Amino acid sequence: MYEKKARMNQELYITRKRKWYDANPNADISIDEWSAFVKMDPEMRLDNSSTVMLENGESYTYNNPGTAVWLNAVGKQPALTFDFISGNIVIKNPSAAAIAKIKHAAFKLGASVQSSDGDILFTESLPHNDYSLTDHATIEKAGFAKRIWWRLQNSLFTASGK
């Protein structure tokens, strides 16, 4: 695991790409994976729209498929928006509590957390190929360690020809 302190008042990116801004569709988080993660997380809600405040004080809402809201914002903080953009999840100005949620989502998606400069702030050593949301229910029910043991055991028997 690698972790670097994130600054608040910045954009963070949950991504599988080497740098979040790279054009690598093979490393994209798919909208189906993201939607499945959000639907399985009781602290999140899929809104599929975003609202921005305009300079004149009015708000403008637009369709944005994959946009989700974290409902457990702490204290008087508004719900935090997770925008799905170009195979990445973008979070603006997260609180310290929100950063923990962002790291959790990145881990579940087999991704890293990067700053707007592309610096890696958090990554787990678990590659995307070894963890996909299709295994999510199995991992949640059986436990992560049991699932990894099964993979190890399976690969040992396969390698030995049994």
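Numbering of residues starts from 1 in every chain and runs along the sequence as written. Given that this is a predicted model, residues contribute local features only at a pLDDT of at least 70 and side-chain atom pairs are listed and counted only at 80 or more, while totals for whole chains, interfaces and linings are drawn from all residues. Water and hydrogen atoms play no part in the side-chain values, which are based on all heavy atoms of the structure.

A.B. asks: Any details on the overall build of the protein? Residues and values, ideally.
C.D. replies: Each helix is a run of DSSP H or I of at least 4 residues and each strand a run of E of at least 2, with the numbering of both proceeding from the N terminus. The helix and strand inventory of the protein stands at four helices and ten strands. Secondary structure of the protein in N-to-C order comes out as β-β-α-β-β-β-β-β-β-α-β-β-α-α. By definition, residues are in contact when any of their heavy atoms lie within 4.5 Å. Of the contacts made within the protein by residues no fewer than 6 positions apart, 54% connect residues no fewer than 24 positions apart. Accessible surface computed for the protein: about 9700 Å², of which carbon and sulfur atoms make up 53%. Each accessible area is a Shrake-Rupley estimate made with a 1.4 Å probe; only the visible protein chains count as cover when residues are assessed.

A.B. asks: Outline the environment of S112, supporting the account with residue identities and numerical values.
C.D. replies: Within the secondary structure, S112 sits in strand β9 (residues 112-115). Exposure categories follow from relative accessible area, calculated using a 1.4 Å probe and restricted to protein chains: below 20% of the type maximum is buried, above 50% is exposed, and the middle band is partly exposed. Under the relative-accessibility criterion, S112 is labelled buried at 6%. Between the alpha carbons of S112 and Y13 there is a distance of 8.0 Å; along the sequence they are 99 residues apart. What S112 contacts, discounting residues up to four positions off in sequence, is Y13, I14, T15, A106, I120, F122 and T123. Here a polar contact is taken to be a pair of N or O atoms separated by no more than 3.5 Å, where protein atoms must pair a possible hydrogen donor with a possible acceptor and residues adjacent in sequence count only if both atoms sit in side chains. Side chain to side chain, S112 and Q114 meet in a polar contact 3.4 Å long.

A.B. asks: Describe the nonpolar core, with residues and values.
C.D. replies: We call a set of buried Ala, Val, Leu, Ile, Met, Phe, Trp, Tyr and Cys residues a nonpolar core when their side-chain atoms join them within 4.5 Å. Of all hydrophobic cores here, the largest spans 24 residues; its most connected members are I14, W34, M44, F82 and I89. Among the secondary structure elements, those contributing two or more residues to this core are β2 (11-15), α1 (31-40), β6 (68-70), β7 (80-85), β8 (88-92), α2 (96-108) and β10 (120-123). For I14, the contacting residues outside a window of four places in its chain are I29, F82, N88, I89, I91, I102, A105, A106, L109, A111 and S112.

A.B. asks: So what about α2? Which residues, and what values?
C.D. replies: With 13 residues, α2 should reach 18 Å at 1.5 Å per residue; the first-to-last C-alpha distance of 19 Å fits that figure. When α2 is considered as a whole, its buried residues turn out to be A98, I99, K101, I102, A105, A106 and K108. Residue G110 follows α2 closely and has a positive phi angle near 65°. Each residue after the first adds 1.5 Å to the expected span of a helix.

A.B. asks: Just give me the short version of a nonpolar patch on the surface, but keep the residues and values in it.
C.D. replies: The grouping of V52, L54 and Y60 at the surface amounts to a nonpolar patch, some 250 Å² of accessible area in total. The residue Y60 is located in strand β5 (residues 59-63) in this model. A patch consists of residues exposed above 30% relative accessible area that lack any salt bridge, with like charges linked at up to 9 Å and nonpolar side chains (Val, Leu, Ile, Met, Phe, Trp, Tyr) linked at up to 5 Å. Throughout this description, the term salt bridge denotes a Lys or Arg side-chain nitrogen within 4 Å of a carboxyl oxygen of Asp or Glu.

A.B. asks: For the confidence of the model for the protein, give the residues involved together with the corresponding values.
C.D. replies: What pLDDT reports is the predictor's confidence in each residue, on a scale of 0 through 100. Scored by pLDDT, the protein has a mean of 77; 67% of the residues are at 70 or more. Note on residues 125-162: pLDDT is under 50 here. Beyond four places in sequence and across chains, it has 34 contacts.

A.B. asks: Outline the environment of L12, supporting the account with residue identities and numerical values.
C.D. replies: If you trace the backbone, L12 turns up in strand β2. Looking at L12, the relative accessible area reads 1%, which means it is buried. Sequence-wise, L12 and D119 are 107 residues apart; in three dimensions their C-alpha atoms are separated by 9.8 Å.

A.B. asks: Give a detailed account of the environment of I29, specifying residues and quantitative values.
C.D. replies: Examined against the element boundaries, I29 turns out to sit in the loop between β2 and α1. Those residues within four positions of I29 in sequence are excluded, and the remaining contacts are I14, T15, R16, W34, F84, G87, I89, L109 and A111.

A.B. asks: Would you mind going over the pattern of salt bridges in detail, with residue names and values included?
C.D. replies: This structure, assessed with the given rule, holds six salt bridges. When the shortest N-O distance is used, the salt bridge between E33 and R16 registers 2.8 Å. Here E33 is found in helix α1, whereas its partner R16 is found in the loop between β2 and α1, with 17 residues between them in sequence. For the pair E33 and R16, a shared accessibility class is recorded, and that class is buried. Beyond isolated ion pairs, a larger network of salt bridges with shared partners links D41, E43 and K101.

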